[in-house]
Amino acid sequence: MTWPTGYGKRVLPEVDSTLDEAARIVGELQGPEWILALRQTKGRARRGRDWKDPKGNFAATLVIRPEGPASQVALRSFVASLAVYDACESLTGRSEGLALKWPNDVLLNGGKLAGILLESVGQGTGVSHLSIGIGVNLMETPMKEWLEPGAVWPVSLLSETGIQVAPEDFLEALAAAFARYEEQFATYGFEPIRTAWLARAAKLGEVITARTATSETEGTFETVDASGNLVLNTAKGRISIPAADVYF
Ligand SMILES: O=C(O)CCCC[C@@H]1SC[C@@H]2NC(=O)N[C@@H]21
C-alpha cells in the first residue's frame, strides 16, 4: 500500500478523542493530516453520544481544508464512507456483506462495522477545516448495554470474517482509498461519488424509517439526491431528508 502524497500522519498511543486532538493541532497543519489513536478515552459519536472504543479497534480523524461551500464540504461523509468500504474490501479480499447505510455508516452482514462523524473547525475569519472522525470495529464490538434501542447491532471485522487487521494497516488502506475518492470528488464533483455510494447502499428500494428528534418518516428508500439528502417515497409523496437516523 502506498501512502498518498501530500497527506501527513501522526499515531498517538492514547488520546481523549482524535476529533479533540484535531481541534488542538489544526493551527499548526500545513496540509491534510491523519491522526490515528491506538486508544481513545472519550470518543464521540453522532448526536452527542459516546463512542466506545475497545483496544484493537480503529479510531482516527482526517483533518482537511476543503474548498467550496459548506453544502459541498459536508459531502465528504460519502467520500469517507466509500473509502472505509474499499479499505475493508481490499484488506479482506471480499465485498460480500459490506454495505453503506445513509448517511455514513458501514455495515457488514447487517451489523454496524464503522461510523463517521464530521466536525468543522474554525480557525479565524474565512479559514475553516473539516475533521472527519472514523471509527471501525476491527477487533471488538461495544457491549450491548452501550447501545440505544433500535440501533443496528455492532459487529467487528474479526467476528464476521475471521481476519485480524491492525489499526495501522487499516489506516494505510483507508488513506489510499480516501485520497483516490477525494481526487475524484475534486475533479468531477459529487455525481460519481453519489453513483458509487448508491451501488453499495443498504436497503435501496426497500421501506425504511428516518427519525429525527421531532419526526419519524417511513417510506421507500428511492435514492440519495445531488445534495446528499435521503429521498423517501412516502404515503404523502416524495420527501427529501437532510439529516436523520435511519432504522430498517
Ligand atoms: O457512528 C457514529 O455515530 C460516528 C462515530 C465516530 C467515531 C469516531 S472514532 C474516531 C473519531 N473520534 C471520535 O471521538 N469519534 C470519531
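Residues numbered from 1 in each chain as written. Predicted model: local features only at pLDDT ≥ 70, side-chain atom pairs only at ≥ 80, totals over all residues. Heavy atoms only, no water.

- As annotated in an unreviewed UniProt entry, the protein chain is biotin--[biotin carboxyl-carrier protein] ligase from Phaeobacter gallaeciensis.
- Its UniProt record gives the protein chain a comment under Catalytic activity (unreviewed entry), which states: "biotin + L-lysyl-[protein] + ATP = N(6)-biotinyl-L-lysyl-[protein] + AMP + diphosphate + H(+)". (UniProt positions renumbered as here; feature names shortened; annotations may be inferred.)

1. Digging into the overall build of the protein chain
No. 1: The helix and strand tally for the protein chain stands at six helices and twelve strands.
No. 2: Against the 2.2 N^0.38 benchmark of 18 Å for 248 residues, the protein chain shows a C-alpha radius of gyration of 17 Å, consistent with a compact globule.
No. 3: Counting the 248 residues in the protein chain, one finds 52% classified as buried.
No. 4: Looking at the protein chain alone, contacts between residues at least 24 apart form 63% of all its contacts between residues at least 6 apart.
No. 5: Of note, the protein chain has its 24 positive side-chain charges centred 3 Å away from the centre of its 30 negative side-chain charges. (Helix = DSSP H or I, 4+ residues; strand = E, 2+ residues; numbered from the N terminus. Rg over C-alpha atoms; globule rule 2.2 N^0.38 Å. Buried < 20%, exposed > 50% of the residue type's maximum accessible area, 1.4 Å probe, protein only. Contact = heavy atoms within 4.5 Å. Lys, Arg positive; Asp, Glu negative; His and termini not counted. Charge placed at Lys NZ, Arg CZ, Asp CG, Glu CD.)

2. Structural notes on the nonpolar core
No. 1: Membership of the largest hydrophobic core comes to 59 residues, with the highest contact counts inside it found for W34, F58, V84, I134, F170 and W197.
No. 2: Broken down by element, the residue count for this core peaks at ten residues, all from helix α5 (residues 167–188).
No. 3: Here this core spans two domains, since at least three of its residues come from each of domain 1 (8–199) and domain 2 (207–247).
No. 4: A22, I25, V26 and V63 belong to the second largest nonpolar core, which has ten residues in total. (Core = buried A, V, L, I, M, F, W, Y, C linked by side-chain atoms within 4.5 Å. Domains from an automatic or database assignment.)

3. A closer look at the packing of helix α3 (residues 76–92) against helix α6 (residues 190–199)
No. 1: Orientation of α3 relative to α6, taken along the N-to-C sense of each, is 45°, at an axis distance of 10 Å. Here α3 lies oblique to α6, going by the angle between them. Between α3 and α6 the crossing geometry is left-handed. Across the interface between the two elements, F78, V79, S81 and L82 from α3 touch F190, I193, A196 and W197 from α6.
No. 2: When the residues that make up the contact of α3 with α6 are grouped by side-chain class, the tally is seven nonpolar, one polar and no charged. (Axes fitted to C-alpha atoms, helices over the stretch in contact; angles between N-to-C directions. Parallel < 35°, antiparallel > 145°, perpendicular 65-115°, else oblique. Left-handed = near helix turned anticlockwise from the far one by under 90°. Nonpolar A, V, L, I, M, F, W, Y, C, P; charged D, E, K, R; others polar.)

4. Brief notes about the sheet that holds strand β12 (residues 245–247)
No. 1: Pairing is antiparallel across the open sheet formed by five strands, whose spatial order is β11-β10-β9-β8-β12. One side of each edge strand has no neighbouring strand; the edge strands of this open sheet are β11 (237–241) and β12. The sheet shows a mean angle of 45° between the axes of neighbouring strands, taken without regard to direction.
No. 2: Here strand β10 (residues 230–234) pairs with β11 via five bridges, running antiparallel. Within β11, the position partnered with L230 by the bridge is I241. (Pairing = 2+ DSSP bridges.)

5. A closer look at the pairing of strand β1 (residues 8–12)
No. 1: Sheet topology places β1 next to strand β2 (residues 33–37); five bridges connect them, and they run parallel. Note on β2: the bridge partner recorded for K9 is W34.
No. 2: Read from β1 through helix α1 (residues 18–25) to β2, the crossover connection turns out right-handed. (Right-handed = clockwise from strand over helix to strand, strands pointing away.)

6. A look at the environment of G115
No. 1: Inspection of the secondary structure puts G115 in strand β6 (residues 111–122).
No. 2: By relative accessible area, which is 9% here, G115 ends up buried.
No. 3: Spatially, the C-alpha atom of G115 lies 5.4 Å from that of G135, the residues being 20 residues apart in sequence.

7. A look at the site of the ligand
No. 1: The environment of the ligand is made up of 20 residues, and the closest members are S17, Q40, R44, R46 and K112.
No. 2: Contacts to the ligand include R44, whose backbone N or O atom sits 2.6 Å from an oxygen atom.
No. 3: Taking 410 Å² as the accessible area of the ligand by itself, protein coverage stands at 98%.
No. 4: When residues of the shell around the ligand are traced back to their parent elements, those giving at least two are α1, β3 (58–64), β6 and β7 (128–136).
No. 5: The leading source of residues in the shell around the ligand is β6, at four residues.
No. 6: Here the residues of the shell around the ligand are counted per class, giving eight nonpolar, eight polar and four charged. (Near = heavy atom within 4 Å. Polar contact = N/O pair within 3.5 Å; in protein donor to acceptor, adjacent residues only side chain to side chain. Areas by Shrake-Rupley, 256 points an atom, 1.4 Å probe, with all protein chains shown as cover.)

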